[in-house]
Structure formats: C-alpha cells, structure tokens
Amino acid sequence: MSNTIVHVTDATFEAEVINSEVPVLVDYWAEWCGPCKAIAPVLEEVAANYEGKIKVCKVDVDSNKDAAQKYGIRGIPTLMVFKDGNASATKVGALSKTQLEEFVDSSI
C-alpha cells in the first residue's frame, strides 16, 4: 500500500475528509469484496496522478460502520467525492481507470 492513500476510521473521518483543504475521494470498501480489491490498484494510480489536487481515502465499512451508515452506503465499492466538507458526487461499483479519472475530473 502506498503512502498516497489515507486509511480513515470513524474516529479520523472528520479530520481527514470533512476538514480537508482539498477535495477528497473516499473509497468505501471491505476486505471480502472482490470488486473492491480489483479497483485498489486503480485507486493507487489515481492517488499518485492527482497528488496535490485530491486526497484519496479508504474506509473499511466492516470496521467503521458509523461513516458508512452516515452516508447511506448500501453497496461497495462506493466512491464518494467530498468538497468543502460535503459529499458532492457518488459512484457505486468498480470503475476502470478512465471512468474513475472522468468521475474525479467532473467532481473537483
């Protein structure tokens, strides 16, 4: 795991995501989720390519139920962009690198 992705917990969600100076892409995932594992390398690339423009965070929904519940996460992976402390865009399901970049570009 690279240091370009921040692992967020219920305890650190507000500090890392809500209070972030830059837009944040949050990946709600779980260890047992196949599609979540499939997009992990794509998230690594996007985190590296967009460094300084967007922060990429991962939230394990099994360990951090409050954050998942607060934002109505029903399916995973769910990708959510936060700007100025608010969820501004959401995509559910695994995306290709091109789809993920288009989602980020249209959201930030």
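Up top is the structure.
Residues numbered from 1 in each chain as written. Predicted model: local features only at pLDDT ≥ 70, side-chain atom pairs only at ≥ 80, totals over all residues. Heavy atoms only, no water.

1. A look at the overall build of the protein
Scanning the protein for helices and strands turns up 4 helices and 5 strands. In terms of overall size, the protein behaves like a compact globule, its C-alpha atoms giving a radius of gyration of 12 Å where 108 residues would be expected to give roughly 13 Å. By principal-axis analysis of the C-alpha atoms, the protein measures approximately 30 × 30 × 25 Å. Expressed as a percentage of the 108 residues in the protein, the buried residues total 45%. At a minimum sequence separation of 6, the contacts of the protein that also span at least 24 residues come to 71%. Split by element, the accessible area of the protein, about 5,700 Å² in all, is 48% carbon and sulfur. Of the side chains in the protein, 10 bear a positive and 16 a negative charge, and the two mean positions are spaced by 4 Å. (Helix = DSSP H or I, 4+ residues; strand = E, 2+ residues; numbered from the N terminus. Rg over C-alpha atoms; globule rule 2.2 N^0.38 Å. Buried < 20%, exposed > 50% of the residue type's maximum accessible area, 1.4 Å probe, protein only. Contact = heavy atoms within 4.5 Å. Areas by Shrake-Rupley, 256 points an atom, 1.4 Å probe, with all protein chains shown as cover. Lys, Arg positive; Asp, Glu negative; His and termini not counted. Charge placed at Lys NZ, Arg CZ, Asp CG, Glu CD.)

2. So, the environment of Thr9
Of note, Thr9 is situated in the loop between β1 (5-8) and α1 (13-18). Between the C-alpha atom of Thr9 and that of Glu45, which follows or precedes it by 36 residues, the distance is 22 Å.

3. Overview of the nonpolar core
Within the largest apolar cluster, 18 residues are counted, with the highest numbers of intra-cluster contacts made by Phe13, Val17, Val26, Tyr28, Val59 and Phe82. Contributions of two or more residues to this core are made by α1, β2 (24-29), β3 (55-60), α3 (65-70) and β4 (78-83). Broken down by element, the residue count for this core peaks at 4 residues, all from β2. Apart from residues lying up to four places away in sequence, Tyr28 is in contact with Phe13, Val59, Val61, Ala67, Ala68, Tyr71, Ile73, Ile76, Pro77, Thr78, Met80 and Phe82. (Core = buried A, V, L, I, M, F, W, Y, C linked by side-chain atoms within 4.5 Å.)

4. Some thoughts on helix α4 (residues 97-107)
Given 3.6 residues to a turn, an α-helix orients residues that are three or four positions apart in the same direction. Among the residues making up α4, those that are buried are Leu100, Phe103, Val104 and Ser107. All buried residues of α4 lie within an arc of 95 degrees about the axis, which places them on one face of the element. Turned more than 90 degrees away from the buried face of α4, the exposed residues are Glu102 and Ser106. Tucked inside the fold, the buried residues of α4 contact β2, α2 (34-49), β4 and β5 (86-92). (Arc of directions from axis to C-beta.)

5. Focus on the pattern of salt bridges
For the structure shown, the criterion picks out 4 salt bridges. Lys55 serves as the salt-bridge partner of Glu16, at 2.9 Å between the closest nitrogen and oxygen. Here Glu16 is found in helix α1, whereas its partner Lys55 is found in strand β3, with 39 residues between them in sequence. For Glu16, a relative accessible area of 26% translates into the label partly exposed. Its salt-bridge partner being Lys97, residue Glu45 comes within 2.9 Å of it at the nearest N-O pair. Taken together, the positions of Glu45 in helix α2 and Lys97 in helix α4 put the pair 52 residues apart, joining distant regions of the chain. Judged by its relative accessible area of 38%, Glu45 is partly exposed. (Salt bridge = Lys/Arg side-chain N within 4 Å of Asp/Glu carboxyl O.)

6. Let's talk about the packing of aromatic side chains
A full pass over the atoms with the stated rule returns 3 aromatic pairs. Measuring from ring centre to ring centre gives 5.6 Å for Phe13 and Tyr71, while their planes differ by 35 degrees; the resulting arrangement is tilted. Here Phe13 is found in helix α1, whereas its partner Tyr71 is found in the loop between α3 and β4, with 58 residues between them in sequence. Judged by relative accessible area, which is 6%, Phe13 ranks as buried. Given the relative accessible area of 22%, Tyr71 is considered partly exposed. Aromatic side chains Phe13 and Phe82 sit 5.7 Å apart centroid to centroid with 80 degrees between the ring planes, which places their arrangement in the edge-to-face category. Remark: Phe82 occurs in strand β4 and Phe13 occurs in helix α1; sequence separation between them is 69 residues. Both residues of the pair, Phe13 and Phe82, belong to the buried class. A connected cluster of aromatic rings, assembled from ring pairs, spans Phe13, Tyr71 and Phe82. The side chain of Lys58 reaches across the aromatic face of Trp29, ending 5.0 Å from its centre. (Phe/Tyr/Trp six-rings, centres within 6.5 Å; stacked < 30°, edge-to-face > 60°. Lys NZ or Arg CZ within 6 Å of the ring centre and 35° of its normal.)

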